[in-house]
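Here is how the chains run, residue by residue.
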Amino acid sequence: MKPAVTSPTPDPALFDAVVNLCKRRGFVFPSAEIYGGIRSTYDYGPLGALMLRNVRDAWWRSMVQERDDVVPIDAAVLTNPKVWEASGHLAAFTDPLVDCRNCKERWRADQIGDSCPKCGSKDLTEARPFNLMFKTFVGPVEDSAAAAYLRPETAQGMFVNFLNVLQTTRKRPPFGIAQTGRAFRNEITPGNFVFRTREFEMMEMEYFVPPAEAASWFEYWCTERLDWYERYGVPKEMLRLRQHEESELSHYSAGTADVEFLYPWGWGELEGIANRTDFDLRSHSEHSGTKLEYFDQTSGEHYMPYVIEPAAGLTRTMMAMLLAAYDTDVVAGEDRTVLRLHPRIAPYSVAVLPLSKKETLTPLAKKILRTLQRRFVCDYDETQAIGRRYRRQDEIGTPLCVTVDFDSLEDGAVTVRDRDSTEQVRVPIGQLPGTIAERLEAELDR
Ligand code: ATP
């Protein structure tokens with residue numbers, strides 16, 4: 001937990017523009033808005049749900065699919081509370097909480113100076129530790145024996161299944177276990193839109209290595225993870241890697257670096273990469289009585305691997321990608337807003353747009369849509385003038401538009417329009433899926 005480092009060029013206007021676009025176009029809605037919402041809780045709308053899925057898939061592709069040393073799991077949100085005792089979360093997953101005696105607002109002591117940011121009063125309570133885990137009860141009886149916690153991270157699911165995965169996959173260190181899923185933290189100061197919320201989604205991987213190799217694998221994963229954001233369209237100048245000071249390190253960490261992003265309010269965390277040593281496996285071994293070790297048959301040695309953990313926030317990454325992609329320019333004398341999202345991240349890959357709603361065009365346009373839908377996530381829009389529809393697609397980041405016009409009925413070709421350059425080319429309908437795949441894939445090999 002650390003305060004963000006202030007950037008020289010924060011851009012609050014960008015933040016407002018993106019938050020506004022998210023609501024207006026259906027990326028993110030305040031949760032239960034018809035009931036007045038609930039503080040800092042959000043629902044993801046049609047475009048947000050598509051985009052979250054794409055970010056998750058992009059992570060999965062590079063962390064699981066494109067590797068032969070990482071396997072996935074999908075662990076339970078509610079688990080045995082002893083997990084949180086062993087992990088140290090029950091005792092140490094706390095933030096220092098202070099109350100302003102004047103305006104009654106609550107703050108994280110490490111995020112404010114000696115006065116209340118709301119009313120300026122210096123009459124603050126002593127800081128006291130506040131556990132961030134949400135507590136609940138399993139079954140009908142609300143007593144301490146039934147207490148359980150919503151997971152504040154997905155990582156522990158990987159540690160407690162270490163032996164199960166070893167035995168069922170025959171992997172050997174160095175190897176990783178990955179999962180994505182919801183996590184819950186009773187944050188004292190949620191805010192900045194979906195940057196910090198009490199319910200969010202994480203993308204985590206625990207990479208188990210021989211202890212002597214931990215330092216070099218830590219370096220490896222720092223580079224790998226920084227590159228991933230660039231590969232999916234976040235410009236280099238909006239990213240940096242920041243090593244933690246000794247005093248910032250968590251109780252389990254022998255080294256941590258954050259991938260930081262230049263948010264509109266300054267540099268802040270996007271992902272944490274930590275050398276967790278053998279803290280977790282050792283602690284779970286002690287608490288459970290089951291030795292979480294690896295037996296190296298070649299050396300005949302039992303040892304407890306060290307763990308390198310890249311831990312990213314899905315919802316926070318989506319926000320960073322939206323902020324990085326937001327742009328405005330002028331096309332044919334008209335202002336436009338364009339989300340320059342990576343084609344694999346954009347909610348829709350293709351929009352099929354019949355030039356007019358006339359019945360003569362609909363059957364062909366729908367036929368093209370059905371063909372493309374088998375391979376790509378498509379939008380279909382036949383309302384309003386074509387120029388406005390292009391703007392609408394630009395604003396949600398759709399990389400390619402396919403326009404079906406009256407000539408299409410004669411020449412069997414359609415117009416493919418590029419979001420960034422706005423260039424249009426005529427493509428025979430038969431070649432359309434191949435052409436679109438090539439254009440989208442080309443981005444991956446940049
Ligand atoms: P912070 O210092 O911002 O509280 P942290 O260091 O506690 O974060 P980690 O435990 O390293 O965060 O979590 C890994 C990632 O999960 C973070 O880099 C972030 O992307 C995401 N994350 C953590 N807490 C939240 C939250 N409350 N809302 C949204 N995303 C979060």
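These numbers come from a predicted model, not from an experiment.

S.K.: What is the right way to look at the site of the ligand in this model?
M.R.: By nearness alone, 18 residues border the ligand, and Glu187, Arg196, Thr197, Glu269 and Leu270 come closest of all. The backbone of phenylalanine 195 places a nitrogen or oxygen atom 3.4 Å from a nitrogen atom of the ligand. Computed on the free molecule, the ligand has an accessible area of 590 Å², of which 92% lies beneath the protein chains in the complex. The set of elements that each furnish at least two residues to the shell around the ligand consists of β10 (199-209), β13 (266-277) and β16 (306-313). Ranked by residues supplied to the shell around the ligand, first place goes to β13 with four residues. When grouped by side-chain class, the residues that make up the shell around the ligand number seven nonpolar, three polar and eight charged.

S.K.: I would appreciate a short explanation of the nonpolar core in the present structure.
M.R.: Here is a general trend for soluble globular proteins: nonpolar side chains tend to be buried in one another's company. With 60 residues, the main nonpolar core has Phe27, Met51, Phe261 and Met321 as its most contacted residues. Only α1 (12-25), α2 (46-65), β10, α7 (214-231), β12 (255-263), β13, β16 and α9 (314-325) provide two or more residues apiece to this core. Residue contributions to this core peak at nine residues, all from α9. In this view, methionine 51 contacts Phe27, Met318, Met321, Leu322, Leu341, Ile345 and Pro347; residues no more than four positions away in its chain are not counted. If you look at the next biggest cluster of nonpolar residues, it comprises 21 residues, including Val350, Leu400, Val402 and Val416.

S.K.: Help me out: how do you make sense of the sheet that holds strand β3 (residues 70-72) in this one?
M.R.: Through backbone hydrogen bonds, the strands of a sheet pair up, either in parallel or in antiparallel fashion. In space, the seven strands of this open sheet follow the order β3-β9-β10-β16-β13-β12-β11, with mixed pairing throughout. Each having just a single partner strand, β3 and β11 (239-243) make up the two edges of the open sheet. Across the sheet, the mean angle separating the axes of adjacent strands is 25° when strand polarity is ignored. The sheet contacts of α2 involve β3, β9 (175-184), β10 and β16, and relative to β10 the element is tilted by about 5°.

S.K.: So what exactly am I meant to see when it comes to the packing of α2 against α7 here?
M.R.: Each packed pair of helices is defined by two parameters, the angle between the axes and the distance between the axes. Look at α2 against α7: their axes get within 11 Å of each other, and the N-to-C directions meet at 140°. With respect to α7, the element α2 is oriented oblique. Handedness of the crossing formed by α2 with α7: right-handed. On α7, the residues touching Val55, Ala58, Trp59, Arg61, Ser62 and Met63 of α2 are Trp221, Arg225, Trp228 and Arg231.

S.K.: It is not clear to me how α1 should be interpreted in this structure. Could you clarify?
M.R.: Because each turn of an α-helix spans 3.6 residues, side chains separated by three or four positions end up pointing in the same direction. The terminal C-alpha atoms of α1, which comprises 14 residues, lie 20 Å apart, in line with the 20 Å expected from a rise of 1.5 Å per residue. Within α1, burial applies to Leu14, Phe15, Val18, Leu21 and Cys22. Within α1, the buried residues cover an arc of 135° as seen down the axis, which keeps them to one side. Away from its buried face by more than 90 degrees, α1 exposes Pro12, Ala13 and Asp16. Packing partners of the buried residues in α1 comprise β1 (28-30), α9, β17 (326-331), β18 (334-339) and α11 (386-396). Glycine 26 lies just past α1 and shows a positive phi near 90°.

S.K.: Any chance you could explain the sheet that holds strand β4 (residues 94-99) here in plain terms?
M.R.: Strand order in the open sheet formed by three strands is β5-β4-β6, with antiparallel pairing between adjacent strands. Every other strand in the sheet has two partners, leaving β5 (106-108) and β6 (128-131) as the edge strands with one partner each. Strand-to-strand twist of the sheet, defined as the mean angle between neighbouring strand axes without regard to direction, takes the value 50°. Both β4 and β5 contribute to a ladder of three bridges, which runs antiparallel. Its bridge partner lying in β5, valine 98 is registered against tryptophan 107.

S.K.: Any chance you could explain the pairing of β12 here in plain terms?
M.R.: For β12, the buried fraction is high: nine of the nine residues fall into the buried class. Two elements, β11 and β12, share five bridges in a ladder whose sense is antiparallel. Directly across from leucine 241, in β12, lies its bridge partner valine 259. Pairing analysis gives nine bridges linking β12 to β13, with the strands arranged antiparallel. Among the inter-strand pairings, glycine 255 is bridged to a residue of β13, identified as asparagine 275. Where β12 hands over to β13, the hairpin turn is made up of two residues, counted between the paired strands.

S.K.: What should I look at first to understand the state of the cysteines in this one?
M.R.: Note: disulfide means a covalent bond formed between the sulfur atoms of two cysteine side chains. Using the criterion set out here, one finds zero disulfides in the structure. The thiol of cysteine 119 is unpaired, and the distance to the nearest cysteine sulfur, on cysteine 100, comes to 3.6 Å. By relative accessible area, cysteine 119 is classed as partly exposed at 34%.

Cut-offs used in this document
- Residue numbers restart at each chain and count upward from 1, following the sequence in its written direction.
- In view of the model being predicted, local features appear only for residues whose pLDDT reaches at least 70, and side-chain atom pairs are presented and counted only at 80 or more, with totals across whole chains, interfaces and linings using the full set of residues.
- Computation of side-chain values: all heavy atoms of the structure, hydrogens and water removed.
- If even one non-hydrogen atom of a residue comes within 4 Å of a molecule or strand, that residue is called near it.
- We call two N or O atoms a polar contact when they sit within 3.5 Å, provided that within protein one can donate a hydrogen and the other can accept it, with sequence-adjacent residues counted only if both atoms are side-chain atoms.
- Here the Shrake-Rupley method, with its probe set to 1.4 Å, supplies the accessible areas, and only the displayed protein chains count as covering residues.
- Working definition: helices are DSSP H or I runs of at least four residues, strands are E runs of at least two. Numbering for both runs from the N terminus.
- The classification used treats Ala, Val, Leu, Ile, Met, Phe, Trp, Tyr, Cys and Pro as nonpolar, Asp, Glu, Lys and Arg as charged, and all other residues, Gly among them, as polar.
- Buried Ala, Val, Leu, Ile, Met, Phe, Trp, Tyr and Cys residues that are joined via side-chain atoms within 4.5 Å together make up what is termed a nonpolar core.
- Remark: exposure states derive from per-residue accessible area (1.4 Å probe, protein chains only) relative to the maximum for the residue type, with buried under 20%, exposed over 50%, and partly exposed in between.
- Here, residues are in contact when the closest pair of their heavy atoms is within 4.5 Å.
- Strands were regarded as paired on the criterion that DSSP finds at least two bridges between them.
- Interaxial angle, 0 to 180 degrees, is taken between N-to-C directions of lines fitted to C-alpha atoms, where a helix line uses only the stretch in contact.
- Each angle gets one of four labels, with under 35 degrees taken as roughly parallel, over 145 as roughly antiparallel, 65 to 115 as roughly perpendicular, and the rest as oblique.
- Each crossing gets its handedness from the near helix: less than a right angle anticlockwise from the far helix is left-handed, clockwise is right-handed.
- By this rule the span expected of a helix is its residue count minus one, scaled by 1.5 Å.
- Working note: the arc is built from the helix axis to C-beta atom directions.
- Any cysteine sulfur atom paired with another within 2.5 Å is treated as part of a disulfide.

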